[in-house]
Amino acid sequence: MSNGPLPIVKVSKTLIVYDVPNQLSSKIEIGDILYKFNDLPLTTRDEYSRQLSFVTKNPDSQTLTYTILRPLKSKQIPEKELSDVFSKLQSPQGFEILPTHFDYLFVFLTIAPKTTLGVTIKGYNGKVYVSGIENKLTSIAYKCLLVGDAILAIEDQAISGVKDTDELLCTSFAKKKFVRLIIERAKTPDGLRNVKLALSVEKTFEINPRMNEDITNICEQQITFMKNHPELKPGRKIVHHHHSSSKSSTSHIDVAPESIELPISTDVNNLNLLAPTPPVPAVPPGTIGSFHPLETASKRMSKKRTTK
């Protein structure tokens, strides 16, 4: 390349890509395996470093060629093979395969240097659902999973709870660099409705701690004292408001002045879960200014009645 700095791809000792320059971000992904550099097969990172050193010292215009191998991320399980696959899992009681409304896939999570799993999960009705995915290139799950996927098995071991999923993922990644999942993905409106229901239901815990008797007595005494002496005011402020953003907070917890809620209907990690919007009403020819479809419809109805 003749202009600008050379786009150097950084790899680990096993030639796994962990950093990609912006010029090649649309072609090469983190987690790819560098197979050739300038058509020269590579077996070690030292060979790649030597070739890079030779290229950077060459003042002439040149072209860099990266040949990569991309690990398989997902593979759909054919419907005729579903019974054989799930017969080996010892599925939880009451579980049934519904190929009419769901697709079933093998998903391969391949770990790479400086990457994170980047996924949050929740349990509902005996299944573990993907409830959120980090929208980052360093997220392993970003290229493999979708929000709403149900994780049915990890390394051919059936799961039914969040705790089992966490423990099995940790132990599996400790043994090797990739983990195989079996997931269930909705493909029909009925299946999507079930997934949306699972994601929208929140677990509620009844919080009703029993107060110690001495704490209750102290509170009652303090309330009686405050009622008897309403003229007393606190000697110092409990809450301090910082008017200037330049002042650093002395508290261990900082609360943002604004919060953003991202409902599942706008989640970009699964377009199938987006809520459909009604079509824009057609504007009659020659309409000037604002157009109110309901008002226009009522005028048409009144006109028809007058004509009759």
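Described in the following lines is the structure provided in the data block. Computed from a prediction, not measured in an experiment: that's the story for all the values here.

With that settled, consider the pattern of salt bridges. For the structure shown, the criterion picks out 11 salt bridges. In this structure, Glu-29 engages Arg-70 in a salt bridge whose closest nitrogen and oxygen atoms are separated by 3.8 Å. Taken together, the residues Glu-29 in the loop between β2 (17-19) and β3 (33-37) and Arg-70 in the loop between β5 (66-69) and β6 (74-76) connect sequence positions 41 residues apart. On the basis of relative accessible area, Arg-70 is assigned to the partly exposed category, the value being 40%. Between Arg-70 and Asp-32 there is a salt bridge; the shortest N-O distance is 2.9 Å. Of this pair, Arg-70 sits in the loop between β5 and β6 while Asp-32 is found in the loop between β2 and β3, placing the two residues 38 residues apart along the sequence. The exposure class assigned to Asp-32 is buried, which follows from its relative accessible area of 0%. Three or more residues joined by partner-sharing salt bridges are found here, namely Glu-29, Asp-32, Arg-70, Lys-73 and Lys-143.

Bringing unusual backbone geometry into the picture now. A positive phi angle, close to 65 degrees, is found at Asp-39, a residue other than glycine. Counting through the fold element by element, Asp-39 comes out in the loop between β3 and β4 (40-41). Even without being glycine, Asn-125 reaches a positive phi, approximately 55 degrees. Tracing the chain through its elements places Asn-125 in the loop between β8 (119-124) and β9 (127-133). For Asn-125, a relative accessible area of 70% translates into the label exposed.

Analysis parameters
Residues numbered from 1 in each chain as written. Predicted model: local features only at pLDDT ≥ 70, side-chain atom pairs only at ≥ 80, totals over all residues. Heavy atoms only, no water. Salt bridge = Lys/Arg side-chain N within 4 Å of Asp/Glu carboxyl O. Helix = DSSP H or I, 4+ residues; strand = E, 2+ residues; numbered from the N terminus. Buried < 20%, exposed > 50% of the residue type's maximum accessible area, 1.4 Å probe, protein only.

Purely geometric numbers; function is a separate question.
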